[in-house]
Amino acid sequence: MKYFSEHLKLTRKNVQANHTKSNQALSFDNTEIAFKSKSNGELTQSYLLFKAIGYNWLVKAGPTMVNGALSIGLPITGIIKKTVFKQFCGGESMTDCNNTIDLLNSYGVGTILDYSVEGEEKEENFNATATETLETISKAKGNAKIPFGVFKVTGLGRFDLLAKVNAKEDLTSTEESEFARLKNRIYNICKTAHDHDVRIFIDAEETWIQDAIDDLATEMMAEFNKEKCIVYNTLQLYRHDRLAYLKTSFEHAKTNNYYLGVKLVRGAYMEKERERAEKMGYPSPIQPNKSASDSDYNEALRFSVAHIDRISICAGSHNEESSLLLTQLMAENGIAVNDKRIYFSQLFGMSDHISFNLSSAGYNVAKYLPYGPVKSVMPYLFRRAAENTSVKGQAGRELSLISKEVARRKVVK
Ligand SMILES: Cc1cc2nc3c(=O)[nH]c(=O)nc-3n(C[C@H](O)[C@H](O)[C@H](O)COP(=O)(O)OP(=O)(O)OC[C@H]3O[C@@H](n4cnc5c(N)ncnc54)[C@H](O)[C@@H]3O)c2cc1C
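Residues take numbers from 1 onward in each chain, read along the sequence in its written order. Only residues with pLDDT of at least 70 get local features here, since the model is predicted, and only at 80 or more are side-chain atom pairs given and counted; chain-wide, interface and lining totals rely on the full set of residues. Excluded from the side-chain calculations are hydrogens and water; all other atoms, namely the structure's heavy atoms, are used.

Visitor: For this particular structure, what's the right way to read the overall build of the protein?
Guide: In this description a helix means any DSSP run of H or I spanning at least four residues, a strand means any run of E spanning at least two, and both kinds are numbered starting from the N terminus. Each helix and strand counted, the protein has 18 helices and 8 strands in total. The buried label goes to any residue with under 20% of its type's maximum accessible area, the exposed label to any with over 50%, and the partly exposed label to all in between, with areas taken from a 1.4 Å probe on protein chains only. Per-residue burial for the protein yields a buried fraction of 53% across its 413 residues. Within the protein, contacts between residues separated by at least 24 positions form 78% of all contacts whose residues are at least 6 apart in sequence. On the protein, roughly 19,200 Å² of surface is accessible, and the fraction owed to carbon and sulfur atoms is 54%. Contacts: residue pairs with any heavy atoms within 4.5 Å of one another. Per-residue accessibility takes into account occlusion by the displayed protein chains alone, with areas from the Shrake-Rupley method and a 1.4 Å probe.

Visitor: Please explain the sheet that holds strand 7 (residues 342–347) as it appears in this structure.
Guide: In this scheme, strands are said to pair when DSSP sees at least two bridges between them. Strand order in the closed barrel formed by 8 strands is 1-2-3-4-5-6-7-8, with parallel pairing between adjacent strands. Strand-to-strand twist of the sheet, defined as the mean angle between neighbouring strand axes without regard to direction, takes the value 30 degrees. Taken together, the 4 bridges between strand 2 (residues 148–151) and strand 3 (residues 199–202) define a ladder with parallel strand orientation. Bridge pairing links Phe-151 to Ile-202 in strand 3. Contacts from helix 14 (residues 290–306) reach strand 5 (260–265), strand 6 (311–316) and strand 7, with the element oriented near 150 degrees to strand 6. Fitted lines through C-alpha atoms give the axes, limited to the stretch in contact for helices. The angle between two N-to-C directions lies from 0 to 180 degrees. Each of strand 6 and strand 7 touches helix 15 (residues 320–332); the most contacted strand, strand 7, lies at about 170 degrees to it.

Visitor: Help me understand the pairing of strand 7, please; the structure alone is not making it clear to me.
Guide: Consecutive side chains along a regular strand alternate between the two faces of the sheet. In terms of burial, strand 7 is largely enclosed, as 6 of its 6 residues are buried. Alternating residues of strand 7 divide into Ile-342, Phe-344 and Gln-346 and Tyr-343, Ser-345 and Leu-347, and every residue in both groups is buried. Note that strand 6 and strand 7 share 4 bridges and pair parallel. Considered in strand 7, the bridge of Ile-313 is made with Ile-342. Here, the term right-handed applies to a crossover whose path from the first strand over the helix to the second runs clockwise when the strands point away from the viewer. Read as a crossover between parallel neighbours, the route from strand 6 over helix 15 to strand 7 is right-handed. Judged from the 4 bridges that link them, strand 7 and strand 8 (residues 365–371) form a sheet pairing that is parallel. Counterpart to Phe-344 in the pairing with strand 8 is Val-365. Tracing the backbone out of strand 7, into helix 16 (residues 352–360) and back to the parallel element strand 8 gives a crossover that is right-handed.

Visitor: Where do I start with the side chain of Thr-133 in this structure?
Guide: Relative to the helices and strands, Thr-133 resides in helix 8 (residues 123–140). Judged by its relative accessible area of 3%, Thr-133 falls in the buried class. One polar contact links the side chain of Thr-133 to the main-chain carbonyl oxygen of Thr-129, over a distance of 2.7 Å. Discounting chain neighbours no more than four positions away, the residues touching Thr-133 are Val-150, Phe-151 and Ile-189. Under this definition, polar contacts are N or O atom pairs within 3.5 Å; protein pairs additionally need one hydrogen-donor-capable and one acceptor-capable atom, and for neighbouring residues in sequence, both atoms have to be side-chain atoms.

Visitor: What should I look at first to understand the layout of surface pockets in this one?
Guide: Where empty space is left can be seen by rolling a probe of water-molecule size over the atoms. Cavities and pockets were defined on a 1 Å grid built over protein atoms only: a cavity is a set of grid points that admits a 1.4 Å probe from which the probe cannot escape, a pocket is an open set flanked by protein on both sides within 12 Å along at least five of seven lines, and lining residues are those with an atom within 4 Å of any such point. Grid points are joined across faces, edges and corners, and a volume is the space filled by probe spheres set on the points. Empty space within the second largest pocket amounts to approximately 510 Å³. Along the walls of the second largest pocket sit 23 residues, with Lys-38, Glu-42, Lys-86, Gln-87 and Phe-348 positioned nearest its centre. Listing elements by their share of the lining of the second largest pocket, those giving two or more residues are helix 3 (40–53), helix 5 (77–82), helix 6 (84–88), helix 7 (98–106) and helix 16. A total of 5 residues in the lining of the second largest pocket trace back to one element, the largest contributor, which is helix 3. Classification convention: Asp, Glu, Lys, Arg as charged; Ala, Val, Leu, Ile, Met, Phe, Trp, Tyr, Cys, Pro as nonpolar; all other residues, Gly among them, as polar. When its residues are assigned to classes, the lining of the second largest pocket shows 8 nonpolar, 8 polar and 7 charged.

Visitor: Would you take a moment to explain the packing of aromatic side chains for this structure?
Guide: Working definition: an aromatic ring pair is given by the centre-to-centre distance plus the angle between the planes. Centre distance within 6.5 Å is the pairing criterion for rings of Phe, Tyr and Trp, where only the six-membered ring of Trp is used; planes under 30 degrees apart are then read as stacked, over 60 as edge-to-face, and the remainder as tilted. What the rule picks out here adds up to 12 aromatic pairs. Plain terms: the ring middles of Phe-148 and Phe-201 are 4.3 Å apart, the flat faces sit at 15 degrees to each other, and that makes the pair stacked. You can see Phe-148 sitting in strand 2 and its partner Phe-201 sitting in strand 3, a full 53 residues away along the chain. The exposure class of Phe-148 is buried, given its relative accessible area of 1%. Pairing Phe-201 with Tyr-368 gives two aromatic rings, centres 6.4 Å apart and planes at 25 degrees, and the pair type is stacked. In this pair, Phe-201 is assigned in strand 3 and Tyr-368 in strand 8, connecting sequence segments 167 residues apart. Accessibility classification places Phe-201 together with Tyr-368 in one group, the buried group. Among the aromatic residues, those joined into a cluster by ring pairs are Phe-148, Phe-201, Tyr-232, Tyr-343 and Tyr-368. A cation over a ring is seen here: Arg-242 above Tyr-245, with NZ or CZ 4.2 Å from the ring centre. Consider the ring centre and the ring normal. A charge sits over the ring if Lys NZ or Arg CZ is within 6 Å of that centre and within 35 degrees of that normal.

Pasting the structure below:
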């Protein structure tokens, strides 16, 4: 017994020493590492794009202008493909993504293939998305370059149906069978992920369908996470009730003896959530301010790391402080930098300074790589543009990092 406790102490010491080395080397300001995958031309293109989406008016008018132009058949697909699509997407098909998958892998960063077709509400579209998602899982099987799969429940079933289930309204018999078909698609995807040993994320969406999604995710985790964590639910910490929900989910997993998978994000639908709550006269589900979201996000990291024996985490964030905090928590708890229960994840085209510096220090990192026909990926691209508008926020940060790297390259030339 004494031997084991001494051995454990030594192992912890080694892990901590590794972390000290990693953390000394870990700096999100290292632009050489951050942009080593980009040529000078690509850097200039990214700069111009972030500059353009830093203009609030352009991003606000963008969806109307682009949708209008697409609907009357103006030939703008080519321009979109060469600019915003190229920055944030892997291509129109899974095969188009191969070069990016290899490029990311050559820097130790994994890919999460995200078939990002949104807003198409027919059964044939849902079946097609389910088939495509199954193909991403087959591609990920035994493939270290693709450590996770992902899907959105609204890619597999109708939004209004989920809203009705969420509100616990009675379903008609046609709706009952429609819901059964949706559940069946989700079950097939999670079972295939389990059988192929591929971990899979279920994305989080709007609060008025999220209870329905949480119930489905919990059912899948209870079924497929018995031996290890395969299915991950997503928690949005911009909601003031999610830290409590994390703790309830943990208790549920413990009582029912399965592993809990959580992708922790801040949340992407803040404006929409606040507007709806105000319009319909119910209290906003969103935190009162950014620092409350930050504080709950970081607390969720602390809670999950403290229960790492049961909870597997993916920190889906572009926030430097939270990413650094997670590395510190890992060090404090004697968790190896490459422990498979902890992943960091960023979106393709954003925050390479976090992804590449973390992977260079040995941490597990994977980037969401959206793909799909240009027109169908537009809602995803509009969300990214909106997220980047604030010059003080993400776009400003990306611009200053790119400028720093351009200046550095001029000096070393
Ligand atoms: C890998 C990955 C997967 C993702 N998956 C999902 C998903 O499944 N579902 C989803 O909804 N989003 C998802 N997102 C998006 C995510 O929720 C955030 O919108 C985005 O990452 C920005 O938050 P941040 O932590 O990166 O950084 P930060 O820039 O530090 O935070 C910005 C975020 O803080 C919150 N915030 C900003 N202002 C306020 C305010 N005044 N009051 C309260 N909160 C505020 C908002 O959530 C905002 O997006 C994902 C992101 C990544 C990187």
